Amino acid sequence: MSLFRAFLAGSAVAAFWGCAESASAVDLRIPWLEGAALGMGYDAATGSLMKEICADVKPLEAVRRDESNLDFERADTQEELISKLSASAGGEARFSVYSGSARASFAKSLEVQRNDTTIVVQNEVSSEEVGSVRSGSVDNGGDLVKFRRRCGTHYVSTIVYGGELLMALQASDQSTSSKSQFEANVRAAVGAVSGSAEYQESVQRLESQNRLRITGRKAGGGKDEAYSVNAFAEQVHNFRSQVLENRRAHVLFAIVSPYVGFQTSTTKSATVDLALEKLMLMDEKLVTLDKVTREPAMYDVDAADLPLVAQERDRLRKATDSLRIDIEACSYPIDPTKVDPPECQKIRTYAMPPTRAMGDGVPERFVSDCQTTEAAIPPMDLKNGKRLRGDGRIGSRMLIEFEIQPTVVDSRIVRVRVTERASEPGTSKNPAEEDIVEFYEEADVYRTSGCMVVEVPKPISVAGRWFTHHLTESYNYILDKATCVSTARLSGGGGFRSRTYDAFRCNVSFLPLRGMILANEELFEDGKVRPRQGFESLGWLTMK
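I will try to describe carefully the structure that is included in this document. (Residues numbered from 1 in each chain as written. Predicted model: local features only at pLDDT ≥ 70, side-chain atom pairs only at ≥ 80, totals over all residues. Heavy atoms only, no water.)

As for the packing of aromatic side chains
Note the following rule: Pairing of aromatic rings covers Phe, Tyr and Trp, the last through its six-membered ring, and needs centres within 6.5 Å; plane angles under 30 degrees mean stacked, over 60 mean edge-to-face, and all others mean tilted. Put simply, DSSP marks the helices as runs of H or I at least four residues long and the strands as runs of E at least two long, and each gets a number from the N terminus on. For every residue, the accessible area (1.4 Å probe, protein chains only) is compared with the maximum for its type, and the residue is labelled buried under 20%, exposed over 50%, or partly exposed between those bounds. Comment: the charge-over-ring label is applied if NZ (Lys) or CZ (Arg) is within 6 Å of the ring centre and within 35 degrees of the ring normal.
Counting across every chain of the model gives three aromatic pairs. Ring centres of F147 and Y259 lie 4.9 Å apart, and the angle between their planes is 75°; on these two criteria the pair is classed as edge-to-face. Highlighted residues: F147 in helix 6 (residues 144–151) and Y259 in the loop between strand 11 (251–258) and helix 10 (270–294), separated in sequence by 112 residues. Exposure class is identical for F147 and Y259. Each is buried. An aromatic cluster of three or more residues is present, and its members are F147, Y155 and Y259. For the cation-ring pair, R417 lies above Y440, with the distance from its terminal atom to the ring centre recorded as 3.9 Å. A cation sits over an aromatic face here: R465 above Y475, 4.2 Å from the ring centre.

As structure tokens, this is what we get:
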């Protein structure tokens, strides 16, 4: 069974792995166990700190460590990402990686799409270690079952303080050479001296990566944070000094030891192994179906089938929870004197259906996010112009209209052309000689590599307003504001002054362009948008 499968099972299955490797209980290394105190109880079945001192221990003198370790791991799929992240944990037992680990949570939170390459930078700093020795036997009150429920399966025997920084850099590239260059750029940005020419060059190369996303999390909890390239490099460079400023701010990891006399393992069998693999697959499918119901636009699934997706998600969750509870009970019985509790026999009923059947029926996630419905139009200085008609004798007051015309270029670019038309209707001149001039400018306001532009708003005409000399008008429409200035140098006398062709030039700003309709590139077939895939019930989910 792959390391990836075991990782996805989370805390419950982690406990099973911890006991399956040996017929005797062993110490476990649990990362990021915030709030841990020496002698405090820990439940390996659920990955929970019991928040009660359950073992009488004597602390040893604290030992300064001041050790740091910087690792890089590259993965092209989520399975590979999770496997390598756990493997990069410095040889710690598999259980400690799986059991309630924030690393597991971080890895599962990352969205790995097709063509993505993920580079994980793992910066671990240990500052102090405090061990302990048992002062006497554990008082279980004469009732091991109650004690098991109150104090878990282990107690905290050693605490190592420090910090860990996890940074995941993700970029979309298809060629092997591009993926290798991305990894080299990440290593260069971390390894170069901050502010040096090499550092600046590596940062610029990273910023040019296609669809670059940087997500980080620190030991001690908190949410994932998005970082810029500069902020990422600075965090990695400065992390050691941040940790050592407050040496006991966070628990890097804790060693938990089993209570003497607890039977915390069962004999590993092919049946149990198969049931465990089923749970891994079910967990994976459950995560996907949950995302489909939360972000349906990002998945190839017909909107009419979303109620069925939610129904099957709930059915799968019920079956997954049931299996997880049984594996927990088999691995770490509520009655710690029982070696082979009834749940170990019960999980054999979960050995069907065949694993190969469980890969069917889950919607595919699109590579690109095509949910954008608006685009920013940059300010424009309308200076490219032409004279439509007139005698070149303009006045100081003109009626100015605007037209905003979005167009689609090569199915992937939205281009906006803005036209200003200035005229002098109603003057005493011969109408055929009234000046009518146009100025225009255009800009590309939206580009995409993974989406196709199906439709843009129709041309929008903005009603004309009178401008004199230097005036700013507010529209609060798609056209936000226009500042128009007469550029004619007037001379002579009379109502109209002699001047070679010129007019009012305008600087305009805009509100976002809304109403674009996009479709994912993967939905295009033969030049048309195909229907999204239908969803059918999970036929392999037959467990009650």
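Here the narrative resumes.
Structural notes on the side chain of E183
Rule in force here: Only heavy atoms enter the contact rule, under which two residues are in contact if any of them lie within 4.5 Å.
In this structure, E183 sits in helix 7 (residues 176–191). If near-sequence neighbours (up to four positions away) are discounted, E183 is found in contact with R74 and I119.

Overview of the state of the cysteines
Note the threshold: When two cysteine sulfur atoms lie within 2.5 Å, the pair is treated as a disulfide.
One pass over the structure, following the stated rule, counts three disulfides. The side chain of C54 participates in a disulfide bridge whose partner is C151; the two sulfur atoms lie 2.0 Å from each other. For the disulfide bridge between C54 and C151, the dihedral angle about the S-S bond is near -85°, and by the sign convention the bridge is left-handed. Placement of the pair is C54 in the loop between strand 3 (48–53) and strand 4 (57–59) and C151 in helix 6, with a sequence separation of 97 residues.

Topic: helix 8 (residues 197–207)
Note: α-helices contain 3.6 residues per turn, so residues at a spacing of three or four share the same orientation. Test applied: Here the arc refers to the directions that run from the helix axis out to each C-beta atom.
Y199, S202, V203 and L206 are the residues of helix 8 that are buried. One face of helix 8 carries all of its buried residues, which in axial projection span an arc of 100°. Exposed residues lying more than 90 degrees from the buried face of helix 8 are A197 and Q204. Packing partners of the buried residues in helix 8 comprise strand 8 (154–172), helix 7 and helix 9 (229–245).

So, to be careful, I would describe these as geometric facts and stop short of saying anything about function.
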